[in-house]
Amino acid sequence: MGRITINANGIYPGHKLRGKDRYAKLYHYTSFESFVKIWLSKTLKFSSVKNVNDVLESSIRTQAATFPQMPLMDAYLDIRPQFRQISLTMDYDSYVKGCMSPCMWGYYADKKKGVCIELDYDKLPFSKSTIKGPVIYKEDIPDATYLPADVTTINQLLTFIRKNAKREFLTKHISWKGENEYRIISREDEFLDISQAITAVYLTSYDSDECIFVEKLLGDAVPVKYLHYVSEAGTGYVRPVMTNTKSIRQQWIDAKNNPDNVLVPMSKQAKELYENHKNDPDFPLIINTFKIK
């Protein structure tokens, strides 16, 4: 793991989170286009289980205790997909926040070109019928949902599904453990109001068109931050950090325009030498003397 690092984001490596501390903040990864719709509507849409990318989870199967219950099997196959979900990411530990996951940026944020939205759990208005909780990851997943003999009506079936919510909705194969998922389930709701819960927005760029647009769209409503990596002195390793996009962009502008910054002319000369000789694989790309002034 390397030695302890202390920076503006805290102490790395962080300590393990437990209980509600794991999901005090939740994170939603999305494309830039979807983010614009989310921000303007201030809602997240519940999605069908049929749209999940887990082949095990999308395969809904059931068994009944008795042959007379066979109509209940059809009812289950009809009713179970009516429960829709919103998938969010929890903090990994006290330092590694849910917005710092490289795999999540790649999977769900348009190959890191998208956006991650931070939400305050306590400000999410869950309805009474909402099922929610951290996903449990297991090596072995049951083949099908077994309907006991005392389930004979649709209302009893619904009660059974809700009582077995962890098995039905909050269990996934261990191969998905890196997602560190918190899931919200509803059969009645189509959208979750997040208008009071958005606390920050993250991007992996500070000078892209998308970043500038997000800043203009949000104004001063919530912070817009840039996720990047910095070297840990003396180790050769990098650590994730978050910086205000406007602040770091201004730092680069100031550095580029600083007449005393010798790296600017040096970088320019290095680039010119490479461009002039990039088609000659045997040419020595070495500059022994730079022209600073």
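Rules of the game
Residues numbered from 1 in each chain as written. Predicted model: local features only at pLDDT ≥ 70, side-chain atom pairs only at ≥ 80, totals over all residues. Heavy atoms only, no water. 1 Å grid on protein atoms, 1.4 Å probe; cavity = no way out; pocket = protein on both sides within 12 Å on 5 of 7 lines; lining within 4 Å. Points joined across faces, edges and corners; volume = space filled by probe spheres on them. Helix = DSSP H or I, 4+ residues; strand = E, 2+ residues; numbered from the N terminus. Axes fitted to C-alpha atoms, helices over the stretch in contact; angles between N-to-C directions. Parallel < 35°, antiparallel > 145°, perpendicular 65-115°, else oblique. Contact = heavy atoms within 4.5 Å. Nonpolar A, V, L, I, M, F, W, Y, C, P; charged D, E, K, R; others polar. Buried < 20%, exposed > 50% of the residue type's maximum accessible area, 1.4 Å probe, protein only. Pairing = 2+ DSSP bridges. Phe/Tyr/Trp six-rings, centres within 6.5 Å; stacked < 30°, edge-to-face > 60°. Arc of directions from axis to C-beta. Polar contact = N/O pair within 3.5 Å; in protein donor to acceptor, adjacent residues only side chain to side chain. Left-handed = near helix turned anticlockwise from the far one by under 90°.

### Topic: the layout of surface pockets
Empty space among the atoms becomes apparent when a probe as large as a water molecule is rolled across them. In this model, the largest pocket occupies a volume close to 510 Å³. Taken together, 23 residues make up the lining of the largest pocket; nearest its centre are His28, Ser47, Gln85, Ser87 and Tyr108. Of all elements in the fold, only strand S3 (25-30), strand S6 (84-89), helix H4 (102-108) and strand S12 (181-186) reach the threshold of two or more residues within the lining of the largest pocket. Per-element accounting of the lining of the largest pocket gives the leading share, 5 residues, to S6.

### Remarks on the packing of helix H1 (residues 32-41) against helix H7 (residues 209-218)
The geometry of H1 relative to H7 is characterised by a closest axis approach of 12 Å and an angle of 0° between their N-to-C directions. One element, H1, and the other, H7, form an angle in the roughly parallel class. On the side of H1, the interface is formed by Phe32, Phe35, Val36, Trp39 and Leu40, while H7 contributes Glu210, Phe213, Val214, Leu217 and Leu218. Of the residues that constitute the contact of H1 with H7, the class distribution is 9 nonpolar, no polar and 1 charged.

### Topic: the pairing of strand S7 (residues 115-120)
For S7, the tally of buried residues reaches 6 of 6 residues, placing the bulk of the element in the interior. As paired elements, S3 and S7 share 6 bridges and run antiparallel to each other. The residue of S7 that forms the bridge with Leu26 is Leu119. Pairing of S7 with strand S14 (residues 198-203) involves 4 bridges; the strand directions are antiparallel. The residue of S14 that forms the bridge with Cys116 is Tyr202.

### Some points on the environment of Asn180
Mapped onto the fold, Asn180 is located in the loop between strand S11 (171-173) and S12. We classify Asn180 as buried; its relative accessible area is 10%. Taking C-alpha positions, Asn180 is 9.6 Å from Ser101, a pair spaced 79 residues apart along the chain. Once you skip the residues sitting within four places of it in the chain, Asn180 turns out to touch Arg22, Leu88, Thr89, Met90, Asp91, Tyr92 and Tyr137.

### Overview of the packing of aromatic side chains
In the structure shown here, the tally under the stated rule is 12 aromatic pairs. Considering the side-chain rings of Tyr12 and Tyr95, the 5.2 Å spacing of their centres and the 85° angle between planes classify their relative orientation as edge-to-face. Taken together, the residues span a long stretch of sequence, with Tyr12 in strand S2 (residues 10-12) and Tyr95 in the loop between S6 and H4 at a distance of 83 residues. For Tyr12, a relative accessible area of 14% gives the class buried. We classify Tyr95 as buried; its relative accessible area is 0%. With a centroid separation of 5.2 Å and an interplanar angle of 90°, the aromatic rings of Tyr29 and Trp105 are classed as edge-to-face. A residue pair is termed long-range when its members are at least 10 positions apart, and Tyr29 in strand S3 and Trp105 in helix H4 qualify at 76 residues.

### Focus: helix H3 (residues 70-79)
Taken together, the buried positions of H3 are occupied by Leu72, Ala75, Tyr76 and Ile79. Seen along its axis, H3 keeps its buried residues to an arc of 100°; they face one direction. Looking at the packing, one finds that the buried side of H3 touches strand S5 (62-64), strand S10 (145-147), helix H5 (154-163) and helix H6 (165-169).

### Brief notes about the environment of Tyr202
Looking at where Tyr202 falls in the secondary structure, it is placed in strand S14. With 118 residues separating them along the chain, Tyr202 and Arg84 place their C-alpha atoms 26 Å apart. Setting aside its immediate chain neighbours within four residues, Tyr202 contacts Tyr27, Cys99, Trp105, Gly114, Val115, Cys116, Glu118, Lys225 and Met242. Here the side chain of Tyr202 touches Glu118 through a polar contact of 2.7 Å, side chain to side chain.

### Overview of the packing of H7 against helix H8 (residues 245-257)
Contact geometry for H7 and H8: axes closest at 11 Å, N-to-C directions at 130°. Between H7 and H8, the angle falls in the class oblique. Here H7 and H8 pass one another in a crossing that is left-handed. For the pair H7 and H8, contact is made by Cys211, Ile212 and Glu215 and by Thr245, Lys246 and Arg249, respectively. Of the residues belonging to the contact of H7 with H8, the class tally is 2 nonpolar, 1 polar and 3 charged.

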